[in-house]
Amino acid sequence: MNWFLEIVKAVLAALAVFTFLAVVGAMLGVYLERKISGWIQSRLGPKHVGPQGLLQTIADTVKLLQKENIVPSNADAITFNVAPLMAVVAALLAWIIIPFGPAFGRVLVVRDINIGLLFFIGMASLIVIAILLGGWSSNNKYALLGGFRSASQMISYEIPLALAVMVPIMMAGTMSTVGIVEAQRGGWLGIGNWYIFGLPGNRGLLVPGFLAFVVFLTAATAEVNRVPFDLPEADSELVGGYFTEYTGMRFALFQLGEYAEAFAMAALTSVLFLGGWHGPWLPGIVWFFIKMFALVFFLIWVRWTYPRLRLDQLLNLSWKGLVPLGFVLVLVTGWLLV
Amino acid sequence: MQVGLNHYLAVSALLFGLGLYGILTRRNAVAILMGIELMLNAANINLVAFNRYVAPGALAGHVFALIIITLAACEAAVGLALVLAVYRNLETIHVDEINVMKW
Amino acid sequence: MGELAAFIILAIVTLLPAVVVVTSRNLVRAAMSLIPSFLGVTGLFVLLQAEFVAGIQILIYAGAIAVLILFVIMLTQGGTGTALRQVNEQQLVGGLVAGALTIALLGLLLRTPWPLVAGTLPRSNVAAVGGAFLTNFILAFEISSLVLLVSLVGALVIARREQ
């Protein structure tokens, strides 16, 4: 009955990850987004529900739960209903390889698989399909345009993302996330061995390490469709993009998927380049959350500071800028490592 | 009962048959491509299964499965580009209507 | 027992959507069904301890090829194509041929006494596959990269609109 136990464990882990994401990712993420945007724009942001508006997102969720789920006439109902679920499931699956830090004598990670990073990128690429199908099945021009834009954008940025991930993989010699974090242990104050600073015996790798970090963060921002790369849902030109027609909980599921993906990208950036849970003085999990929220803050900061790119600028940046840079980085890293 | 080589071979044979049926009966060029992808997947299952059960440690099956995946990506890219070009010129992608080369 | 259960589930996940792929009148649904089918094959690869192939399968098949196919279907056909006849007049013959070939294949494959070898694969086969690519299979590797380049350029040239 061992396999039965495994299934129960897997279900429990899935529930734990989902709860964690619903609370931290969506609730706190949306709250932070609104508070920080308010701060940047000299407003107060949500203030009335709970202390400092902390319960605002819960109130919004309750409101969304009560809304009717409308399926537009002439929409492809099955596809329309399946697409948001696909987005959420893919974003949640991406989380199973993220290590949170040491606790109870082991590393807190759902599964440490030896192709971890490949799996993560694969899951990120599945979200494209969910968005494309959601946009198409709505039977709405704006939604379809948003879906098309998203597909072309996410496919173009997957390549620099994968190339940037290659640099830490080559430095650590493994695709397992736990292995990569363990390889960054030690050094000056526990931050000296982070891959953003290169390898301890080979400081020449600082340049590719740092550039890979920049490429990864840019591509990750584009991959999660955030400003300045939020063309798929550009509100001012496409109404709402691919989720124009979605109402109630399905809309919330798309949002949850998006925030879960954004948090996963932030977590993975800290795992790959910023030493994961390693840092001075504080316990590992605290460091992990500090780094993740710092990167999430960076994403929100960028969102409320920069205007949106045009589609041709976006594609040019990927194909003429990031992809060649990524190839050069992989080459230089290999050359420096040998 | 243990899962053996035969189980995988049966699944791959069925998948291959389905893909072939799709290729033989569909009119739409993209649907035919989808059938080809299914057949290539069936071939990959065979390669990896033989690698696991007949020659573990050799890895030749994995290597060729990867090469097939690469070539499938090439084939899909070129095939779909052709479909787009045909659609622009003839306004149809039904293979039984694309017959201007016949006369 | 657990392996068998997983195998049966994965086989169903692979084959049922494949039936939809070849029979559905709605082309977008057919293309959509490709994804679970590809993911089921991924699961079979994991059962066969081919993790690297499985990862690449998700990335290339489910992530790239399926999106490409969906894209082209949505750009041509005016969407689903449900209003058009999707099958040619060879349905009966095609079904018979495909069925006969499947039965022949099943008979052949299942009755051949394969020389089974009990052994284990290398533990982490990412590095092992990489090593194999750069040593024993270097020619195949180089040729496939050349084919990739040629098809990249070819696809661009073919799909580009004439100015």
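Check the entry above for the structure.
Conventions and cut-offs
- Residues numbered from 1 in each chain as written.
- Chains lettered and ligands numbered in written order.
- Predicted model: local features only at pLDDT ≥ 70, side-chain atom pairs only at ≥ 80, totals over all residues.
- Heavy atoms only, no water.
- Helix = DSSP H or I, 4+ residues; strand = E, 2+ residues; numbered from the N terminus.
- Buried < 20%, exposed > 50% of the residue type's maximum accessible area, 1.4 Å probe, protein only.
- Contact = heavy atoms within 4.5 Å.
- Salt bridge = Lys/Arg side-chain N within 4 Å of Asp/Glu carboxyl O.
- Polar contact = N/O pair within 3.5 Å; in protein donor to acceptor, adjacent residues only side chain to side chain.
- Nonpolar A, V, L, I, M, F, W, Y, C, P; charged D, E, K, R; others polar.
- Patch = residues over 30% accessible without salt bridge, like charges linked within 9 Å, V, L, I, M, F, W, Y side chains within 5 Å.
- Areas by Shrake-Rupley, 256 points an atom, 1.4 Å probe, with all protein chains shown as cover.
- Phe/Tyr/Trp six-rings, centres within 6.5 Å; stacked < 30°, edge-to-face > 60°.
- Lys NZ or Arg CZ within 6 Å of the ring centre and 35° of its normal.
- Expected span 1.5 Å × (residues − 1).
- Arc of directions from axis to C-beta.
- Core = buried A, V, L, I, M, F, W, Y, C linked by side-chain atoms within 4.5 Å.
- Axes fitted to C-alpha atoms, helices over the stretch in contact; angles between N-to-C directions.
- Parallel < 35°, antiparallel > 145°, perpendicular 65-115°, else oblique.
- Left-handed = near helix turned anticlockwise from the far one by under 90°.

A. View of the overall build of chain C. Check the secondary structure of chain C and you find six helices and zero strands. The secondary structure elements of chain C, listed N-terminal to C-terminal, are α-α-α-α-α-α. Summarising its shape, the C-alpha atoms of chain C cover approximately 55 × 45 × 25 Å along the three principal directions. Within the span of chain C, comprising 163 residues, buried residues form 45% of the whole.

B. Inspection of the interface of chain B and chain C at higher detail. Each side of the interface is counted separately: chain B has 70 residues, and chain C has 81 residues. If you look at where chain B meets chain C, you find zero salt bridges. At the boundary of chain B and chain C, one finds five residue pairs in polar contact (both at pLDDT 80 or more). Listing elements by their share of the side of chain B that touches chain C, those giving two or more residues are helix 1 (5-25), helix 2 (29-53) and helix 3 (60-90) of chain B. Considering every element that reaches the side of chain B that touches chain C, the biggest residue donor is helix 3 of chain B, with 24 residues. Tallied by class, residues from the side of chain B that touches chain C come to 50 nonpolar, 14 polar and six charged.

C. Representation of a nonpolar patch on the surface. Among the surface-exposed residues, Leu71(B), Leu134(C), Ile138(C), Leu139(C), Phe141(C), Ile143(C) and Val147(C) lie close enough to one another that they form a single nonpolar patch of about 600 Å² accessible area. Relative to the elements of secondary structure, Val147(C) occurs in helix 6 (residues 138-159). Residue class for Val147(C) comes out partly exposed when judged on its relative accessible area of 33%.

D. Up close: the packing of aromatic side chains. Considering all chains together, one arrives at 21 aromatic pairs over all chains under this definition. Ring centres of Trp39(A) and Phe297(A) lie 6.4 Å apart, and the angle between their planes is 45 degrees; on these two criteria the pair is classed as tilted. Pair noted here: Trp39(A) is in helix 1 (residues 2-40) and Phe297(A) is in helix 10 (residues 284-303), with a separation of 258 residues, a long-range link. Using a relative accessible area of 60% as the deciding quantity, one classes Trp39(A) as exposed. On the basis of relative accessibility, which here comes to 30%, the residue Phe297(A) falls in the partly exposed class. Ring geometry for Phe213(A) and Phe273(A): centres 5.8 Å apart, planes at 70 degrees, overall edge-to-face. Of this pair, Phe213(A) sits in helix 7 (residues 206-223) while Phe273(A) sits in helix 9 (residues 248-273), and the two are 60 residues apart along the sequence. Residue Phe213(A) is classed as buried on the basis of its relative accessible area of 13%. Pairwise contacts between aromatic rings join Trp95(A), Phe100(A), Phe263(A), Phe288(A), Phe289(A) and Phe293(A) into one cluster. The ring of Tyr53(B) carries Arg52(B) above its face, with NZ or CZ at 5.0 Å from the centroid.

E. Representation of helix 6 of chain C in the model. Helix length check: helix 6 of chain C (22 residues) gives 31 Å between terminal C-alpha atoms against 32 Å at 1.5 Å per residue, within 8%. Taken residue by residue, helix 6 of chain C has Ser144(C), Ser151(C) and Ala155(C) as its buried positions. Projection of helix 6 of chain C onto a plane perpendicular to its axis shows the buried side chains occupying an angular sector of 35 degrees, all on one side. Those residues of helix 6 of chain C that are exposed and aimed more than 90 degrees away from the buried face are Leu139(C), Leu146(C), Val150(C), Leu152(C), Leu156(C) and Val157(C). As for helix 6 of chain C, its buried residues are in contact with helix 3 of chain B.

F. The environment of Val128(A), seen in detail. Here Val128(A) is to be found in helix 4 (residues 116-137). Taking the C-alpha atoms as reference points, Val128(A) and Ile78(A), 50 residues apart in sequence, are found 18 Å from one another. The residues touching Val128(A), leaving out its near neighbours within four places in the chain, are Ala151(A), Met154(A), Glu158(A) and Val67(C).

G. Fine view of the pattern of salt bridges. Residue and element names in this part refer to chain A. Evaluation of the coordinates by the stated rule reveals three salt bridges over all chains. Here Asp60 ties to Arg34 by a salt bridge, and the two come within 3.0 Å at their closest N and O atoms. Here the residue Asp60 occupies a position in helix 2 (residues 56-66), and Arg34 occupies one in helix 1, the gap between them amounting to 26 residues. As a salt-bridge pair, Arg185 and Glu182 come within 3.0 Å of each other at their nearest N and O atoms. Among the residues examined, Arg185 registers a relative accessible area of 47% and is labelled partly exposed.

H. Highlighting the nonpolar core. Residues Trp95(A), Phe216(A), Tyr8(B), Met34(B) and Ile69(C) are the most contacted members of the largest nonpolar core, which totals 173 residues. For Phe216(A), the contacting residues outside a window of four places in its chain are Leu161(A), Ala164(A), Val165(A), Met265(A), Leu268(A), Thr269(A), Leu272(A) and Phe273(A).

I. Structural detail: the interface of chain C and chain A. The partner chain A presents 24 residues to the 28 residues of chain C that form the contact. In this structure, the connection of chain C to chain A is made through zero salt bridges. Put simply, chain C and chain A have zero residue pairs in polar contact (both at pLDDT 80 or more) between them. Top contributing element to the side of chain C that touches chain A by residue count: helix 3 (residues 51-75) of chain C, with 14 residues. Of the residues that constitute the side of chain C that touches chain A, the class distribution is 18 nonpolar, seven polar and three charged.

J. Representation of the side chain of Asn51(B). Residues and elements named next belong to chain B. With respect to the element layout, Asn51 can be found in helix 2. Taking the relative accessible area as the measure of exposure, Asn51 reaches 4% and is therefore buried. One polar contact links the side chain of Asn51 to the main-chain amide nitrogen of Leu59, over a distance of 3.4 Å.

K. Just the packing of helix 5 (residues 141-172) of chain A against helix 11 (residues 311-337) of chain A, in detail. Residue and element names in this part refer to chain A. Contact geometry for helix 5 and helix 11: axes closest at 9 Å, N-to-C directions at 15 degrees. Viewed along their axes, helix 5 and helix 11 adopt a mutual orientation that is roughly parallel. The handedness of the crossing between helix 5 and helix 11 is left-handed. A per-class count over the contact of helix 5 with helix 11 returns 19 nonpolar, seven polar and one charged.

L. View of unusual backbone geometry. One non-glycine residue, Ser42(A), lies in the positive phi region at around 55 degrees. Mapped onto the elements of the fold, Ser42(A) is located in the loop between helix 1 and helix 2. On the basis of relative accessible area, Ser42(A) is assigned to the exposed category, the value being 69%. Not every positive phi belongs to a glycine, and Gln49(C) is a case in point at roughly 60 degrees. With respect to the secondary-structure elements, Gln49(C) resides in the loop between helix 2 (27-47) and helix 3.

M. Seen up close, the side chain of Ser33(C). Residues and elements named next belong to chain C. For Ser33, the position within the fold is in helix 2. For Ser33, a relative accessible area of 10% puts it in the buried group. When near neighbours in sequence (up to four residues on either side) are disregarded, Ser33 contacts Pro17, Val20 and Val21.

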